[in-house]
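Descriptive structure summary
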Amino acid sequence: MAQVSIRINGRSYDIACDDGQEERIQALSNYVDERVKEISDSVGQIGEQRLLVMTSLLIADELGNAHEQLNEPKAGQAAVAEPGSLSATQSDALAENIENMAARIEGISAKLNKE
């Protein structure tokens, strides 16, 4: 079993993973760290636990939206694309989802700033 040291929101974590998965874990942690930074920039430092929970919910929402889009063929679309290959339409839909999530984050930020 391998071990990877990752950094999220300025804090280091040692994570165990299967041999050969180190690069994948590092890439995933980089993605999570980027999302944490986006939320932190939007709402400020609201406590690590709350920030990580908000980030987890945001990433879960992204995943749910991606699953919905992949499972609901659009008019004229015969089949869903193979995993790992996105059409221009799917890329556009993903970009739109990211914009929608950014708006949600801003809404959450406004609510948190009122508290």
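Model, not experiment: these values are computed from the prediction. (Residues numbered from 1 in each chain as written. Predicted model: local features only at pLDDT ≥ 70, side-chain atom pairs only at ≥ 80, totals over all residues. Heavy atoms only, no water.)

Details of the overall build of the protein chain
Scanning the protein chain from N- to C-terminus turns up three helices and two strands. In the protein chain, the succession of helices and strands from N to C terminus is β-β-α-α-α. Here the protein chain, with 115 residues, has 22% of them falling under the buried criterion. Taking as baseline every contact in the protein chain between residues at least 6 positions apart, the subset at least 24 positions apart corresponds to 46%. In the structure as shown, the protein chain presents an accessible area of about 8,000 Å², 52% of it carried by carbon and sulfur atoms. (Helix = DSSP H or I, 4+ residues; strand = E, 2+ residues; numbered from the N terminus. Buried < 20%, exposed > 50% of the residue type's maximum accessible area, 1.4 Å probe, protein only. Contact = heavy atoms within 4.5 Å. Areas by Shrake-Rupley, 256 points an atom, 1.4 Å probe, with all protein chains shown as cover.)

Brief notes about the side chain of serine 40
Position of serine 40 relative to the elements: it lies in helix H1 (residues 22–43). Other than its neighbours up to four places away in sequence, serine 40 contacts Gln45 and Leu51.

Side note on the confidence of the model for the protein chain
For the protein chain, the average pLDDT comes to 82, and 81% of its residues sit at 70 or higher. When pLDDT is averaged over each element of the protein chain, strand S1 (residues 2–8) comes out on top at 95 and helix H3 (residues 88–114) at the bottom at 72. (pLDDT = per-residue confidence, 0-100.)

A word on the nonpolar core
Soluble globular proteins tend to pack their nonpolar side chains together in the buried interior. Within the largest apolar cluster, 13 residues are counted, with the highest numbers of intra-cluster contacts made by Ile39 and Leu58. Elements represented by at least two residues in this core include exactly S1, H1, helix H2 (48–71) and H3. Of all the elements, S1 adds the most residues to this core, at four residues. Once you skip the residues sitting within four places of it in the chain, leucine 58 turns out to touch Arg35, Ile39, Met101 and Ile105. (Core = buried A, V, L, I, M, F, W, Y, C linked by side-chain atoms within 4.5 Å.)

Brief notes about the environment of glutamine 26
Note on placement: glutamine 26 falls in helix H1. Overall, the relative accessible area of 29% leaves glutamine 26 in the partly exposed class. Spatially, the C-alpha atom of glutamine 26 lies 8.1 Å from that of serine 5, the residues being 21 residues apart in sequence. With near-sequence residues (within four places) excluded, glutamine 26 lies in contact with Val4, Ser5 and Ile6.

A word on the pairing of S1
Only one face of S1 is covered, namely the face carrying Ala2, Val4, Ile6 and Ile8; the face carrying Gln3, Ser5 and Arg7 is uncovered. Pairing analysis gives seven bridges linking S1 to strand S2 (residues 11–17), with the strands arranged antiparallel. Paired with isoleucine 8 across the bridge in S2 is arginine 11. Between S1 and S2, which pair antiparallel in sequence order, lie two residues; one of them, asparagine 9, sits at a positive phi of approximately 55°. (Pairing = 2+ DSSP bridges.)

Brief notes about unusual backbone geometry
Positive phi is not limited to glycine here, since asparagine 9 has a value of about 55°. Following the sequence through the fold, asparagine 9 ends up in the loop between S1 and S2. Residue asparagine 9 is classed as partly exposed on the basis of its relative accessible area of 22%.

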